[in-house]
Amino acid sequence: GRQRMLSQRMAKAWLALLQKTESGSAQQVLDRSMALFDRQHTELKAYAPTPDLQATYQKLEAAWSEYKALLVGAAPQRANAASLLAADARVLALAHQGTVQYEAASGKPVGRLVNIAGRQRMLSQRMAKFYLAASVPVERDAATTEIGKARTEFLTAMETLRQAPEATSRIREELQLADGQWVFFDSALQKAQTASPRALSDVFVTSENLLSVMDRVTGLYAAIKA
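Note that the structure is predicted; figures quoted are calculated from it, not measured.

J.: Hey, could you run me through the overall build of the protein in this one?
T.: The secondary structure content of the protein amounts to eight helices and zero strands. For the protein, the N- to C-terminal ordering of α and β elements is α-α-α-α-α-α-α-α. Reported as C-alpha extents along the three principal axes, the dimensions of the protein are approximately 45 × 40 × 30 Å. When burial is assessed residue by residue, the protein has 48% of its 226 residues classed as buried. A separation of at least 24 residues holds for 80% of the contacts in the protein among residues at least 6 apart in sequence. On the protein, roughly 10,400 Å² of surface is accessible, and the fraction owed to carbon and sulfur atoms is 54%.

J.: Is there a simple way to think about the side chain of E208 in this case?
T.: Inspection of the secondary structure puts E208 in helix α8 (residues 197-222). Ignoring sequence-local partners within four residues, the contact set of E208 consists of R9, K12, V29 and Q125.

J.: Sorry, what's going on with the packing of helix α5 (residues 111-134) against α8 here?
T.: If you want to describe how two helices pack, look at the angle between their axes and the distance between the axes. Where α5 meets α8, the axes come as close as 8 Å, and the angle between the chain directions of the two elements is 170°. One way to sum up the angle between α5 and α8 is to call them roughly antiparallel. Class assignment for the residues of the contact of α5 with α8 results in 15 nonpolar, six polar and three charged.

J.: Where do I start with the nonpolar core in this structure?
T.: Nonpolar side chains in soluble globular proteins tend to end up buried together. By size, the foremost hydrophobic cluster in this structure holds 73 residues, and its most contacted members are M10, Y67, L71, M127 and Y221. Taken together, the elements giving at least two residues each to this core come down to α1 (2-18), α2 (23-47), α3 (51-72), α4 (81-106), α5, α6 (140-163), α7 (169-189) and α8. Looking at this core element by element, the count peaks at twelve residues for α5. In this view, Y67 contacts S7, M10, A11, L84, A87, D88 and V91; residues no more than four positions away in its chain are not counted.

J.: Honestly, the pattern of salt bridges in this entry has me stumped. Any pointers?
T.: Should the charged atoms of two oppositely charged side chains come close, the side chains can pair. Evaluated as defined, the whole model comprises 18 salt bridges. For the salt bridge of E174 with R216, the shortest nitrogen-to-oxygen distance reads 3.0 Å. Of this pair, E174 sits in helix α7 while R216 sits in helix α8; the two residues are 42 residues apart in sequence, bridging distant segments of the chain. Relative accessible area serves as the criterion here: at 35%, R216 is assigned to the partly exposed category. By sharing partners, the salt bridges in this structure join R2, R121 and D215 into a single network.

J.: Would you take a moment to explain the packing of α4 against α5 for this structure?
T.: Where α4 meets α5, the axes come as close as 11 Å, and the angle between the chain directions of the two elements is 175°. Relative to α5, the element α4 is oriented roughly antiparallel. Packed against α4, whose contacting residues are L85, D88, L92, H96, T99, V100 and E103, the element α5 presents G111, R112, N115, R119, M122, R126, K129 and A133 at the interface. Of the residues contributing to the contact of α4 with α5, the split by class is five nonpolar, four polar and six charged.

J.: Where do I start with the packing of aromatic side chains in this structure?
T.: Aromatic ring pairs are defined here through the distance separating the ring centres and the angle between the ring planes. Across all of its chains, the model carries six aromatic pairs by this definition. Judged by centre distance (6.0 Å) and plane angle (55°), the ring pair of Y57 and Y102 falls under tilted. Of this pair, Y57 sits in helix α3 while Y102 is found in helix α4, placing the two residues 45 residues apart along the sequence. Using a relative accessible area of 3% as the deciding quantity, one classes Y57 as buried. Between W182 and F185 the ring centres are 6.0 Å apart and the planes differ by 75°, which places this aromatic pair in the edge-to-face class. You can see W182 and its partner F185 sitting in helix α7, three residues apart, about one turn around the helix. Judged by relative accessible area, which is 9%, W182 ranks as buried. Taken together through their ring pairs, the aromatic side chains of F37, W64 and Y67 make up a single cluster. Sitting over the face of the ring of F204, K12 holds its NZ or CZ atom 4.5 Å from the ring centroid. Above the plane of the ring of F130 lies K129, whose end atom (NZ or CZ) is 4.2 Å from the centre.

What counts, and where the lines are drawn
- Residues numbered from 1 in each chain as written.
- Predicted model: local features only at pLDDT ≥ 70, side-chain atom pairs only at ≥ 80, totals over all residues.
- Heavy atoms only, no water.
- Helix = DSSP H or I, 4+ residues; strand = E, 2+ residues; numbered from the N terminus.
- Buried < 20%, exposed > 50% of the residue type's maximum accessible area, 1.4 Å probe, protein only.
- Contact = heavy atoms within 4.5 Å.
- Areas by Shrake-Rupley, 256 points an atom, 1.4 Å probe, with all protein chains shown as cover.
- Axes fitted to C-alpha atoms, helices over the stretch in contact; angles between N-to-C directions.
- Parallel < 35°, antiparallel > 145°, perpendicular 65-115°, else oblique.
- Nonpolar A, V, L, I, M, F, W, Y, C, P; charged D, E, K, R; others polar.
- Core = buried A, V, L, I, M, F, W, Y, C linked by side-chain atoms within 4.5 Å.
- Salt bridge = Lys/Arg side-chain N within 4 Å of Asp/Glu carboxyl O.
- Phe/Tyr/Trp six-rings, centres within 6.5 Å; stacked < 30°, edge-to-face > 60°.
- Lys NZ or Arg CZ within 6 Å of the ring centre and 35° of its normal.

Scope: geometric values only; no functional claims are made or implied.
Right, here's the structure in full:
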C-alpha cells in the first residue's frame, strides 16, 4: 500500500523541484522515496504468492521503469510535466491493484482498515501533487477536480477509521492528531493555485506532516492481530 503513496510523493517532489519549492527537502524526499519504492518493489515481486499478483508486479516493473526515467533522466522541466503525471498515474493504478490483491490474499478482516488507512497517505500526497501541478500550470482543470475528489474520499475514510470497532485508544489519539494536521493542510490547499512561493511551501510541508501521522495510524492498524 505504501507504493501507492510513494508514486504520488515522488511526483509532488519533482513538481516542487521544478518550481524551486522547498528544494532541499524535495530532493531528499525524491531520493528516499525512489530508493524505498525500488526496495519494496523487489520484496513484493519476490513474495507474490499467486499468478495474478506476479502478473501485476511484472506490469508494475515496466511502468516503474518508465516513471523512474522521467524522474531522474534530466532536471525537472515544464515540458515534461504532463508526461510525468501520466506515468505516475500508471504506477499508482498498478500499485493499488497489487494492494487490493494482497488484502484479499491476507484473508484478515482488519486488512480492509489497513488498506483504508494506507490509502489516506496516498491521498495526502495526491492532493499536494495536484496543487503543485496546477500552479505550474499543467492540467489545471483536472487538478482542481482531482483535489476535490481526493478531499471527499479522505474525509469519508477518516470517519470510517474513527468509527471502526477495531480502533484502539492509541489509534483514536493519532486520528485526532491527523485531524489537527488536516486543518493546516486543507487551509493551505484552499489558497489560489496561482500561488505564492509561501503557499507552495505550505502545501509541501503540511502534506509531509499529515503523511507522517497517517503512516503511524496505518502501522497501528497493521499491528492488530485479527
